[in-house]
Each structure stands twice: as structure tokens, then as C-alpha cells.
Amino acid sequence: MTYLAANHRYESMKYNRVGRSGLKLPAISLGLWHNFGGIDRLENGRAMVRRAFDLGITHFDLANNYGPPPGSAEETFGQILKQDFAAHRDELIISTKAGYHMWEGPYGDFGSRKYLISSLDQSLKRMNLDYVDIFYHHRPDPETPLEETMGALDHIVRSGKALYVGVSNYSAEQTAQAAAILKKLGTPFLIHQPSYSMFNRWIENGLQNVLEEEGIGSIVFSPLAGGLLTNRYLNGVPADSRAGGPSVFLKADQITDGKLEKIKQLNTLAAERGQSLAQMSLAWVLRGGRVTSALIGASRVEQIDDNVAALSRLDFSNEELSRIESILSAE
């Protein structure tokens, strides 16, 4: 069936400016880390991307190694773009990354000029694109000089293969150093993609200050702490959950009785606010305007609807914020 985008798609989505750039991103963006690989059903992924766009989500985030197998998420997204979004390319912000292991040998990992440029060329072929809107270095490289990595990002923008560049998983100090190098090269440092949630607040210890000082935006991944900040774990660890399965990103032994108690108390507060726990958790990372966009994942269309509904209640009273701090700081 031919896809016709919803006429009202821009009416309810909130769009935030990325740092001091001219670009805006939706407050909720869709990541294709899971559920869009070669082992997943194309039609399910297609339905999720369609629904996301109908809700005003214009930003879709990928990486070279997303799948499984690695690269297959980009291939899936390329098919969806061709089938449904050829007429909407200029309404989309498409990002990809390189920095983790992608192919064998010394040139398929980390941050060399060779790896980053080769990887982006491969990503563009998989998605059948001439350029991406944002290209990230996915993680710091302890051995490659930062000048080389940032020089590669500068080259990528000047070659027209990406409109903007950013980094992911860089510390505050590394981010400041990268910003200084890119400024000297004359290529703007658009955005940082760090992990951030109520259970993972490391960016508050310096990184957010650097981003504000440098005029760099942020899009945070894992705002729901791998699913912990949802109703999935209110009664323990379900066998079919991420923590209950073979995932290396969330293990059952990480979900202690103390953490479960915090989840239950946070859920009670969310209900008082008229939100699901996931919705309140997304609203919390977006509070105060210090985060540009929250990057969600999904396995079903309904999850996207639920997450976007968080935008109807982004405000917190001082009393609510104090309660959240009290819950999170409890032993």
C-alpha cells in the first residue's frame, strides 16, 4: 500500500534548536539500534518508521554496526526510504556513526581517517543516499590523535557526505578538545550523543556545561535505562524482557531489590502526574531545556505513540523534582 504521510504531522511535535546552530530536532527521535536488523521483520520496522514520521519525528538515528548482522539496519532503512520516503528526504534528518568494530583487520574500528571515511562510504551505499545529515564518531579512540579523527569529520563535511558532524560517548574533557580542533578547522561541532537517564546521570558532572559553553546540542540515548524506566520491571524480571534474556546490555543481576523499589516509587509519582513511567522518564531528561532530543527505541508502533505522548506534560514542580531526587538518592 502506498504511504501517504499524515497532513497534521508537524502540529503536535516539539522541535528544539541544536545548540547555537540553525538546525532543529524533534524532542523525541527514533533510534534503529534494535529491531531493524536483518533478523527482524521489515514490515514491522516499516510500520514504526511510518508512524514515527506521522507523529512529527523527523530524525532517524543509525550506526554502521546496527543490526544484527552489522550493517543490516542501514540496509533496512534504505529499503524503507525507497519505498515510502523518497518524496520526503528533505524533511528528514538521517544520522549514522562509526567507531565500534565493523569489519576485520586494523581499518575497521575506532577513529582513524581511513576507517571513518570508508565506513561512511559503505553506509551511504547501504542506505542509497548521497549524504547523511549528521555523521558521528561513535566513541573516543585512545590511540589515534584527536586531530586526525576531527580532521576526518571536517573532510567529510567539506566533501558533502554529511551536513553536520558530532561525537558520541566522549567525556567533557575530550568534547572540549574536539570542539577546539573543529573550531580551528572551521567545521561546526553540532551535537553530542551521550547516554543519560535517571539511573545514569554522568553528563551532569561537566559535560552539559561544556556543551552549553561551546553551543553544542545533545541527543541522549537510553533515556529509559534499557527499559528499566518502564512498567516492564514493576513486578520483577520477566523472562521475555531484555534483562531476562541474553542481552549483554542489561543483566538480571543489575536489577537489585533496591533498584526495583525505586522503579516502583517513580512509577507511583508518574501515575500521580497522569503519565506512564516511560513518559515521565522522557520528560525528566528533557527538563530545563539542556537536552535537545531524547532518542527512543521501539519494537512496536504502540511504544512510539506512548513515548511521544510524554511531550504533553514536560513540566515538573519543584516538589516533584525533589521527590525524584529523594527516590534516586535512597540507599
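Not measured: the values here are computed from a predicted model.

Undergrad: Please give an account of the environment of Arg-46 that cites residues and values.
TA: Mapped onto the fold, Arg-46 is located in helix α1 (residues 42-54). Between the alpha carbons of Arg-46 and Met-198 there is a distance of 31 Å; along the sequence they are 152 residues apart. Excluding anything up to four places from it in sequence, Arg-46 contacts Met-1, Ile-80, Gln-83 and Asp-84. Among the polar contacts made by the side chain of Arg-46, one reaches the side chain of Asp-84 at a distance of 2.7 Å.

Undergrad: How would you sum up the sheet that holds strand β9 (residues 217-221)? Please name residues and give values.
TA: Strand order around the closed barrel formed by eight strands is β3-β4-β5-β6-β7-β8-β9-β10, with parallel pairing between neighbours. Direction aside, the axes of adjacent strands within the sheet are offset by 30° on average. In this structure, strand β8 (residues 189-193) lies alongside β9, joined through two bridges in parallel fashion. Paired with Ile-191 across the two strands is Gly-217, which belongs to β9. Together, β5 (93-98) and β6 (132-137) form the strand contacts of helix α3 (residues 113-127), whose direction differs from that of β5 by roughly 135°.

Undergrad: Can you break down the nonpolar core residue by residue, with the values?
TA: Ranked by size, the top nonpolar core spans 89 residues in total, and within it Ile-28, Leu-30 and Phe-60 carry the most contacts. For this core, the leading source of residues is helix α8 (residues 277-285), giving seven residues. Residues in contact with Phe-60, not counting those within four places in the same chain, are Leu-30, Leu-32, Val-49, Ala-52, Phe-53, Phe-77, Leu-92, Ile-93, Ile-94 and Ser-95. One finds Val-18, Ile-134, Leu-190 and Ile-219 within the second-largest nonpolar core, a separate group that totals 10 residues.

Undergrad: Kindly report on unusual backbone geometry, identifying the contributing residues and their values.
TA: The omega angle of the peptide bond from Gly-67 to Pro-68 is -5°, so this bond is cis rather than trans. Counting through the fold element by element, Pro-68 comes out in the loop between β4 (59-61) and α2 (72-85). For Asn-128, which is not glycine, the phi dihedral falls at a positive 55°. Tracing the backbone through its elements, the reader meets Asn-128 in the loop between α3 and β6. Positive phi outside glycine occurs at Ser-222, with the angle close to 55°. In this structure Ser-222 comes out as partly exposed when scored by relative accessible area, which is 27%.

Undergrad: Requested: an account of α1, with residues and values cited.
TA: Taking 1.5 Å of rise per residue, the 13 residues of α1 would be expected to cover 18 Å, and the 18 Å separating its terminal C-alpha atoms lies within 8% of that figure. Among the residues of α1, those classed as buried are Gly-45, Arg-46, Met-48, Val-49, Arg-50, Ala-52, Phe-53 and Asp-54. Along its buried surface, α1 packs onto β3 (28-31), β4, α2 and α9 (301-308). Looking at the residues trailing α1, positive phi occurs at Gly-56, about 95°.

Undergrad: Account for the packing of α1 against α9, naming residues and giving values.
TA: Contact geometry of α1 with α9 gives a least axis separation of 9 Å together with a crossing angle of 25°. Regarding the angle of α1 to α9, the classification is roughly parallel. As for the relative orientation of α1 and α9, their crossing is right-handed in sense. Along the contact surface, α1 presents Ala-47, Met-48, Arg-51 and Ala-52, while α9 presents Val-301, Ile-304 and Asp-305.

Undergrad: How would you explain the packing of aromatic side chains if you had to name every residue and give the values?
TA: The final tally for this structure, using the stated rule, is seven aromatic pairs. An angle of 50° between the planes, with centres 5.2 Å apart, marks the rings of Tyr-3 and Phe-85 as tilted. With Tyr-3 in the segment before β1 (15-17) and Phe-85 in helix α2, the pair connects residues that are 82 residues apart, well separated along the chain. For the pair shown, Tyr-3 and Phe-85 are each scored as buried.

Undergrad: Tell me about the pairing of β8, and please be specific about residues and values.
TA: The element β8 is largely enclosed, with a buried count of five among its five residues. Pairing of strand β7 (residues 162-168) with β8 involves four bridges; the strand directions are parallel. Following the sheet pairing, Val-167 is matched in β8 by His-192. Between the parallel pair β7 and β8, the chain is carried across by helix α5 (residues 172-185), and the sense of this crossover is right-handed. On the question of chirality, the crossover connecting β8 to the parallel β9 by way of helix α6 (residues 207-214) is right-handed.

Undergrad: I'd love a proper account of the side chain of Gln-279, names of residues and values included.
TA: Here Gln-279 is to be found in helix α8. Residue Gln-279 is classed as buried on the basis of its relative accessible area of 10%. A distance of 2.9 Å separates a polar atom in the side chain of Gln-279 from the backbone oxygen of Asp-306. Gln-279 has contacts with Asp-306, Ala-309 and Ala-310, leaving out every residue within four places of it along the chain.

Undergrad: Give a description of the pattern of salt bridges that names residues and reports values.
TA: As enumerated under the stated definition, the model contains 21 salt bridges in all. A salt bridge links Arg-46 to Asp-84, with the shortest nitrogen-to-oxygen separation between them at 2.7 Å. In this pair, Arg-46 sits in helix α1 while Asp-84 sits in helix α2, placing the two residues 38 residues apart along the sequence. Of the two residues, Arg-46 and Asp-84, both sit in the buried class. Salt-bridge contacts for Glu-272 lead to Arg-323; the nearest nitrogen and oxygen are separated by 2.7 Å. With Glu-272 in helix α7 (residues 257-272) and Arg-323 in helix α10 (residues 318-329), this residue pair connects regions lying 51 residues apart in the sequence. Judged by relative accessible area, which is 51%, Glu-272 ranks as exposed. Arg-323 gets classed as partly exposed once you look at its relative accessible area, which sits at 28%. Connected through salt bridges with shared partners, the residues Glu-43, Arg-46, Arg-50 and Asp-84 form a single ionic network.

Rules used throughout
Residues numbered from 1 in each chain as written. Predicted model: local features only at pLDDT ≥ 70, side-chain atom pairs only at ≥ 80, totals over all residues. Heavy atoms only, no water. Helix = DSSP H or I, 4+ residues; strand = E, 2+ residues; numbered from the N terminus. Contact = heavy atoms within 4.5 Å. Polar contact = N/O pair within 3.5 Å; in protein donor to acceptor, adjacent residues only side chain to side chain. Pairing = 2+ DSSP bridges. Axes fitted to C-alpha atoms, helices over the stretch in contact; angles between N-to-C directions. Core = buried A, V, L, I, M, F, W, Y, C linked by side-chain atoms within 4.5 Å. Buried < 20%, exposed > 50% of the residue type's maximum accessible area, 1.4 Å probe, protein only. Expected span 1.5 Å × (residues − 1). Parallel < 35°, antiparallel > 145°, perpendicular 65-115°, else oblique. Left-handed = near helix turned anticlockwise from the far one by under 90°. Phe/Tyr/Trp six-rings, centres within 6.5 Å; stacked < 30°, edge-to-face > 60°. Right-handed = clockwise from strand over helix to strand, strands pointing away. Salt bridge = Lys/Arg side-chain N within 4 Å of Asp/Glu carboxyl O.

Remember, this is a structural readout, not a statement about activity or role.
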